[in-house]
Amino acid sequence: MQRLVQLALDLFEPPDPAPREAFSDPDKPSTLVDKALQAPENIASRPLAPGVPAAPLPSLLSPAEFRHPRANREVLLGDAVVAYALQRARRRTIGFTVGADGLSVRAPTWVTLGAVDAALRGKADWILRKLSETRERHDRLQGDRLVWADGAELPYLGQPLRLVLDPGHRFVGKGGALVELDASARAAATAPDEALGDGLAVQHPRRALHIGLPHSASPAQIRDAVQAWLMHDARRHFTERLDHFAPQLGVQWASLRLSSAQTRWGSAKSDGSIRLNWRLLHYRPAIIDYVVVHELAHLRVMDHSPRFWDTVAAVVPDYAALRQHLRKEPVPPWE
């Protein structure tokens, strides 16, 4: 008897029955695991006892390592040691998730450890590719980490935004204000961009965000003030776009809540409540519009069937390219 092994997309948790989450892909890679594979454990994988370091796996070369912080088991996939977090659950299938921490596996209680490892080896290429992509993304993000200081820059609606500490202004009710750069700064910003090669160029900021803090403010104070302003502005921007697209889709939304989730951009419930991640404000408006339309479309079709994607495409024809950009270009970390 065969069992389906479900592989979740990297950086996205398996969607809950409700609400429907943005970007959960119905076409997940899958393979079949035969019960004949449920053999005794292979020596290529060894359990990790609590508090006891794992014994090294045999390899002629020094293998690459991918270790989940809560790993309780490891397996050798190709030339790489993959230490993963195994969780037993009441389910019918083996589920793989590659996220920021590494590989997580959820397996039915009746499936043997040998069968779990056999399933992992059967999808070794996919798992190693996703783990490598996740590590590369993490390394790239470390270089893009935001600096919380006067004069620092962060992305806002797809464009660089300069932070300015302005202790002489209280910005009552908003905590900050967008200001166009002065003539000299604008002239420098609109001068020929600095060439980086391969058709790329440095974007110069054309606007600044003035925050009512003294120059002695700590990085944490600056970060919190900027986040408060962005969340206020995100609610304004999202509300405007929801009102713009809802009539085009023939739906009505009832409420909007802001999310700070690390891996989900939005969700929608059948009662018309919408949740959107305020960090979307880092992206250019076309990408934000795609997410808004995605969630509004769920008020008509509460799944990711072809009919759902046809509904999205009716309003955002280039949704596939925008969705791909959202997956490949994460926002800079805020820690």
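See the structure above.
One structure accompanies this document, and this report is about it. (Residues numbered from 1 in each chain as written. Predicted model: local features only at pLDDT ≥ 70, side-chain atom pairs only at ≥ 80, totals over all residues. Heavy atoms only, no water.)

1. Concerning the overall build of the protein
In step 1: Looking only at helices and strands, the protein has seven helices and 18 strands in total.
In step 2: Taken across its 335 residues, the protein has 44% of its residues classed as buried.
In step 3: Considering only contacts in the protein between residues 6 or more positions apart, those separated by 24 or more positions represent 60%.
In step 4: As presented, the protein carries roughly 17600 Å² of accessible surface, and 53% of it is formed by carbon and sulfur atoms. (Helix = DSSP H or I, 4+ residues; strand = E, 2+ residues; numbered from the N terminus. Buried < 20%, exposed > 50% of the residue type's maximum accessible area, 1.4 Å probe, protein only. Contact = heavy atoms within 4.5 Å. Areas by Shrake-Rupley, 256 points an atom, 1.4 Å probe, with all protein chains shown as cover.)

2. Here's the deal with unusual backbone geometry
Excluding glycine, most residues fall at negative phi; most peptide bonds, likewise, are trans.
In step 1: Phi at Leu157 is positive, roughly 55 degrees, even though this residue is not glycine.
In step 2: Among the structural elements, Leu157 can be located in the loop between β10 (153–156) and β11 (159–165).

3. Observations concerning the pattern of salt bridges
In step 1: As enumerated under the stated definition, the model contains 10 salt bridges in all.
In step 2: The closest approach of N and O atoms between Arg67 and Glu65, which form a salt bridge, is 3.1 Å.
In step 3: Residue Arg67 is classed as partly exposed on the basis of its relative accessible area, which comes to 41%.
In step 4: With relative accessibility at 39%, the residue Glu65 sits in the partly exposed group.
In step 5: Note that Arg241 is salt-bridged to Asp289, the shortest N-O span being 2.8 Å. Taken together, the residues span a long stretch of sequence, with Arg241 in helix α4 (residues 219–249) and Asp289 in helix α5 (residues 285–297) at a distance of 48 residues.
In step 6: A relative accessible area of 13% means that Asp289 is categorised as buried. (Salt bridge = Lys/Arg side-chain N within 4 Å of Asp/Glu carboxyl O.)

4. Concerning helix α1 (residues 113–122)
Residues spaced three or four apart along an α-helix face the same direction, because each turn holds 3.6 residues.
In step 1: Of all 10 residues that make up α1, seven are buried, and the element is covered over most of its length.
In step 2: Within α1, burial applies to Gly114, Ala115, Val116, Asp117, Ala118, Ala119 and Leu120.

5. Overview of the nonpolar core
In step 1: Ranked by internal contacts, the top residues of the largest apolar core, which has 54 residues, are Val226 and Leu230.
In step 2: Per-element accounting of this core gives the leading share, 11 residues, to α4.
In step 3: Other than its neighbours up to four places away in sequence, Val226 contacts Trp148, Leu154, Leu163, Leu209, Ile211 and Trp334. (Core = buried A, V, L, I, M, F, W, Y, C linked by side-chain atoms within 4.5 Å.)

6. Regarding α5
In step 1: Look at α5: 18 Å from first C-alpha to last across 13 residues, which is about the 18 Å you get at 1.5 Å a residue.
In step 2: Burial runs high along α5: 11 of the 13 residues are buried.
In step 3: Those residues of α5 lying buried are Ile287, Ile288, Asp289, Tyr290, Val291, Val292, Val293, His294, Glu295, Leu296 and Ala297. (Expected span 1.5 Å × (residues − 1).)

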